[in-house]
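Fold and geometry: a report
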Amino acid sequence: MTRYAQIVGWGAHLPERVLTNKDLEEIVDTSDEWIVSRTGIRERRIVHSPKETTGSLATRAAAAALHRANVDANDVDLIICATSSPEHQFPATACLVQDALGARHAGAFDLSAACSGFVYGLTLANSMITTGAAETVLVIGSETLSRIVDWSDRNTCVLFGDGAGAVLVTASEEPGGILSSVLGSDGSGGDALSLPAGGSKLPTTVETVAARQHYVHMDGRAVFRFATRVMASATRSVVAKAGLTLDDIDLVIPHQANARIIESSVIHQLKIPPEKVFVNVDRYGNTSTASIPIALCEAIEMGRVRPNDNIVFVSFGAGLTWAAAALKWGAPVSATPHKWWQTAQRQGNYGAARAQSTVRRLIRNSPGIELPEIEIPEIRLADPLRNLRI
Ligand code: ACO
């Protein structure tokens, strides 16, 4: 039996606070006119409470994706959190999400490929599922970039926003789902977009903080040139790899970094008509790994995704990296069929997950008390060799 990886759930979470270009005029020497004409961005969402973190946004988006798919967190095998603004170097933000969801049977890790991270994660989910190594994978893109941009640098602070998006990918016998993907990197361009300090090469010191090296540094023109070239070529490759032509594509959801990059690459170079290209960068700015799943959720809400549509996700980012995926949409997009009690039960499960996490922390910190064994789930994956390996 051929296995396919289908997106069956999707969700997004955006902070409520809106920061407009006018607001930015109060902070740096810029103007609404400059930002709109150079980037297409009019406003972005920004976290405002310390309780809003990359993990908390990711958890909300992931819970929405599980809810949409009517799948319990306990049935998730793997959580991949793509992020450029993880809560810590370690533990992985994905592990915080796993704990908050009570996804007791899930492996979890963060994926670092900057803005291309979500499509990298989707590619990995596809491989895990189609090879039988996993049944159900949560792929999340989540960012609180407002906490790592330099609010005194007009070259960067006007571009970014916060938010999270997630998809639930499951094994299916239904042909379609993720058809092909293309991943790339060119580390020689690493300097064009980086967060220089705070890692092991340049650990945090008074000097690195004073030199503002813990913020995003970017050569905007170099990134722009790279992005326009690679978005077009990655789209061409992934479409050909899927056995399709550009005319077969119903919707392109590009990384939302800059409306001019999307126009130059997808619309002008590839000649894909604007009505087949989804753009919401005007309202959220560049939310890095979260931009494609947030845009997907909005495209579905707006009725721009229909079953059997051929869709392309295409992205670029720091690294430098690029990634594209072609998929045939398989899931119904009509309103959620859930019963009220299913929603209530799921909310109850998240409450129980919080309580369980608190208890485990207390026990872990109490000398002489043993933590109960974590229950290992029944083997239910398709891979017959798995029994032998365990
Ligand atoms: N307001 C007003 N003026 C500004 C601002 C601002 N916010 N920012 C820069 N300027 C000035 C510059 O100082 C420059 O002035 P100068 O000519 O006196 O030196 C002038 O505007 C023009 O600057 P350019 O860099 O030529 O402007 P450009 O048209 O290239 O637009 C931009 C700049 C928007 C940054 C563009 O280069 C771009 O979008 N690059 C790609 C960035 C990107 O997508 N990064 C994210 C990558 S994804 C990830 O991994 C996070």
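What counts, and at which threshold
Residues numbered from 1 in each chain as written. Predicted model: local features only at pLDDT ≥ 70, side-chain atom pairs only at ≥ 80, totals over all residues. Heavy atoms only, no water. 1 Å grid on protein atoms, 1.4 Å probe; cavity = no way out; pocket = protein on both sides within 12 Å on 5 of 7 lines; lining within 4 Å. Points joined across faces, edges and corners; volume = space filled by probe spheres on them. Helix = DSSP H or I, 4+ residues; strand = E, 2+ residues; numbered from the N terminus. Nonpolar A, V, L, I, M, F, W, Y, C, P; charged D, E, K, R; others polar. Phe/Tyr/Trp six-rings, centres within 6.5 Å; stacked < 30°, edge-to-face > 60°. Pairing = 2+ DSSP bridges. Axes fitted to C-alpha atoms, helices over the stretch in contact; angles between N-to-C directions. Contact = heavy atoms within 4.5 Å. Patch = residues over 30% accessible without salt bridge, like charges linked within 9 Å, V, L, I, M, F, W, Y side chains within 5 Å. Areas by Shrake-Rupley, 256 points an atom, 1.4 Å probe, with all protein chains shown as cover. Salt bridge = Lys/Arg side-chain N within 4 Å of Asp/Glu carboxyl O. Lys, Arg positive; Asp, Glu negative; His and termini not counted. Charge placed at Lys NZ, Arg CZ, Asp CG, Glu CD. Buried < 20%, exposed > 50% of the residue type's maximum accessible area, 1.4 Å probe, protein only. Near = heavy atom within 4 Å. Polar contact = N/O pair within 3.5 Å; in protein donor to acceptor, adjacent residues only side chain to side chain.

1. Considerations on the layout of surface pockets
- Looking at the largest pocket, its volume works out to about 1100 Å³.
- Lining the largest pocket are 44 residues, with Leu96, Val97, Asp99, Ala100 and Leu101 sitting closest to its centre.
- The set of elements that each furnish at least two residues to the lining of the largest pocket consists of α3 (54–69), α4 (93–101) and α12 (340–364).
- The biggest single contributor to the lining of the largest pocket is α12, with 12 residues.
- Class assignment of the residues belonging to the lining of the largest pocket gives a composition of 16 nonpolar, 14 polar and 14 charged.
- Quantified by volume, the second largest pocket comes out at close to 970 Å³.
- What lines the second largest pocket is a set of 31 residues, among which Ser84, Ser85, Pro86, Ile148 and Leu195 lie closest to the centre.
- For the lining of the second largest pocket, the elements supplying multiple residues, two or more each, are β5 (107–111) and β9 (193–194).
- Of the residues assigned to the lining of the second largest pocket, the class counts are 15 nonpolar, 13 polar and 3 charged.

2. Notes on the packing of aromatic side chains
- Under the criterion given, the structure shown has 4 aromatic pairs.
- Taken together, the aromatic side chains of Phe226, Phe316 and Trp322 make up a single cluster linked through ring pairs.

3. Notes on the sheet that holds strand β8 (residues 177–185)
- Spatially, the 4 strands line up as an open sheet ordered β8-β13-β12-β11, and their pairing is mixed. Either end of the sheet is taken by a strand with one partner, and the two such strands are β8 and β11 (251–254). When the angles between neighbouring strand axes are averaged without regard to direction, this sheet yields 15 degrees.
- Contacts from helix α8 (residues 220–241) reach β8, β11, β12 (310–317) and β13 (321–328), with the element oriented near 150 degrees to β12.

4. Here we look at empty space enclosed by the protein
- For the coordinates displayed, the defined rule picks out 1 cavity of 30 Å³ or more.
- Along the walls of the largest cavity sit Gln256, Asn280, Tyr284, Gly285, Thr287, Ser291, Ile294 and Ala295, which together make up its complete lining.
- Element by element, the count of residues in the lining of the largest cavity is highest for helix α11 (residues 291–301), at 3 residues.

5. Here we look at a positive patch on the surface
- Judged by side-chain charge, Arg38, Arg221, Arg225 and Arg260 come together as a positively charged surface patch.
- Following the sequence through the fold, Arg221 ends up in helix α8.
- You can call Arg221 exposed: its relative accessible area is 69%.

6. Overview of the site of the ligand
- Surrounding the ligand, one finds 26 residues, the nearest of these being Thr30, Arg38, Cys115, Arg221 and Asn258.
- A distance of 3.3 Å separates an oxygen atom of the ligand from a polar side-chain atom of Trp34.
- Here a nitrogen atom of the ligand sits 3.0 Å away from a polar atom, N or O, in the main chain of Arg154.
- Contact with the protein chains hides 77% of the accessible area of the ligand, taken as 1000 Å² for the molecule alone.
- Secondary structure elements with two or more residues in the shell around the ligand: α2 (32–39), α6 (154–157), α8, α9 (259–269) and β12.
- The element contributing the most residues to the shell around the ligand is α8, with 4 residues.
- Across the shell around the ligand, the residue classes tally to 13 nonpolar, 8 polar and 5 charged.

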